[in-house]
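Architecture at a glance
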Amino acid sequence: MTEERRIKSYVIRGGRMTEGRKRALAELYGIYGLQFGRNYIDISALTPPGRSPERVVAEIGFGTGEATVSLAAENPDTLYIGIEVFPAGVGTILREIHERGIRNIRVIRYDAAEVVRWMLPESSIDGFHIFFPDPWPKKKHHKRRLLNTEFLELLLEKMKPGGYLYVVTDWDDYAAQISAACEGIEGFENTWPIPAQSRRPATKYEKKGLAQGRQVREIYFTKKLV
Ligand SMILES: C[S@@+](CC[C@H](N)C(=O)[O-])C[C@H]1O[C@@H](n2cnc3c(N)ncnc32)[C@H](O)[C@@H]1O
């Protein structure tokens, strides 16, 4: 991967930054959040007290975290690392985590391209979840799409052998682009359909896509064992 990813896959939206979300960011990030740094995180140190995580799942672009919180509540032995740049979304998930007493989510408010590269150790992640990545539908904006070959190769490097990449999008051409890129990477194997335990709750963007008449495409690749 290039030294700095120059073209960002996002534009930071300020929207709906209520007082509650601001307060959550200010008061709760220190408890459930991790600062970006160019050091691999020690995953064992993030484990909820008294538990050893059976699995580590990283979710990229969790939005307001509906899927993350719901899956984390159902799977207390899985550690979820949520990565998002949208401040109001981070405020929302922090408040949910706190109010629901969830202990197996850590949040990183920073560009996922940098976080994955610098903070996630090699072969450390059981699953990457990327639900409704920003589609950048106009052709002139396709270069902003996060899921290009370079980034997919980086994800593969960070996955444990047998680990999975689970992407959902309601943009046909983006789905085709991601599938073709994964098919072209030695080390990925197309293992769709999705195992039942990886199922996700519908998010706001899923409902929006369906309401606008688009179909939801699911992509599931596994890292080969050898
Ligand atoms: C279309 S929304 C989907 C949100 C959520 N997954 C859902 O299904 O409702 C895409 C999200 O990805 C985030 N995002 C885009 N690029 C990112 C990046 N490089 N690092 C972290 N978050 C990113 C955006 O801020 C946005 O919240």
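What comes next concerns the included structure. (Residues numbered from 1 in each chain as written. Predicted model: local features only at pLDDT ≥ 70, side-chain atom pairs only at ≥ 80, totals over all residues. Heavy atoms only, no water.)

Residue Trp192 is joined to Pro193 through a cis peptide bond whose omega torsion reads 5 degrees. Located in the positive-phi region is Phe132, a residue other than glycine, with phi close to 60 degrees. Relative to the helices and strands, Phe132 resides in the loop between strand E5 (125–131) and helix H5 (149–158). Positive phi, close to 40 degrees, is recorded for Trp136, a residue that is not glycine. Structurally, the position occupied by Trp136 is in the loop between E5 and H5. A relative accessible area of 16% means that Trp136 is categorised as buried. (Helix = DSSP H or I, 4+ residues; strand = E, 2+ residues; numbered from the N terminus. Buried < 20%, exposed > 50% of the residue type's maximum accessible area, 1.4 Å probe, protein only.)

This part is about the site of the ligand. Around the ligand sit 17 residues in total, of which Ser9, Glu84, Ala112, Phe131 and Thr203 are the nearest. Glu84 has a polar side-chain atom sitting 2.5 Å from an oxygen atom of the ligand. Backbone polar atom of Ala112 to a nitrogen atom of the ligand: 2.8 Å apart, as the coordinates give it. Burial of the ligand by the protein chains amounts to 96% of its free accessible area of 600 Å². (Near = heavy atom within 4 Å. Polar contact = N/O pair within 3.5 Å; in protein donor to acceptor, adjacent residues only side chain to side chain. Areas by Shrake-Rupley, 256 points an atom, 1.4 Å probe, with all protein chains shown as cover.)

This part is about the packing of helix H2 (residues 66–74) against helix H3 (residues 87–100). At a minimum axis distance of 10 Å, the contact between H2 and H3 shows a crossing angle of 25 degrees. Taken as axis vectors, H2 and H3 run roughly parallel relative to one another. Judged by the twist between their axes, the crossing of H2 over H3 is right-handed. From H2, Thr68, Val69 and Ala73 reach across to H3, where they touch Ile93, Glu96 and Arg100. Partitioning the contact of H2 with H3 into residue classes produces three nonpolar, one polar and two charged. (Axes fitted to C-alpha atoms, helices over the stretch in contact; angles between N-to-C directions. Parallel < 35°, antiparallel > 145°, perpendicular 65-115°, else oblique. Left-handed = near helix turned anticlockwise from the far one by under 90°. Contact = heavy atoms within 4.5 Å. Nonpolar A, V, L, I, M, F, W, Y, C, P; charged D, E, K, R; others polar.)

Moving on to the pattern of salt bridges. Scanning the entire structure with this criterion turns up ten salt bridges. Ionic pairing is found between Asp172 and Arg217, a salt bridge with its closest N-O pair at 2.7 Å. In this pair, Asp172 sits in helix H6 (residues 172–183) while Arg217 sits in strand E8 (residues 217–223), placing the two residues 45 residues apart along the sequence. Overall, Arg217 belongs to the partly exposed group, its relative accessible area being 32%. The network of salt bridges with common partners includes Arg200, Glu206 and Glu218. (Salt bridge = Lys/Arg side-chain N within 4 Å of Asp/Glu carboxyl O.)

Here we take up the packing of aromatic side chains. How two aromatic rings sit relative to each other is set out by the distance from centre to centre and by the angle between their planes. The tally for this structure, following the rule as stated, stands at five aromatic pairs. Seen in terms of ring centroids, Phe36 and Tyr110 are 3.9 Å apart; in terms of plane orientation they differ by 5 degrees. Their pairing is stacked. Of the two residues, Phe36 is situated in the loop between strand E1 (33–34) and strand E2 (55–60) and Tyr110 in the loop between strand E4 (105–109) and helix H4 (112–119); the sequence distance between them amounts to 74 residues. Given a relative accessible area of 23%, Phe36 falls into the partly exposed group. Summarising the aromatic geometry, the rings of Tyr166 and Tyr220 are spaced 5.7 Å apart at their centres and angled 70 degrees between planes, so their arrangement reads as edge-to-face. (Phe/Tyr/Trp six-rings, centres within 6.5 Å; stacked < 30°, edge-to-face > 60°.)

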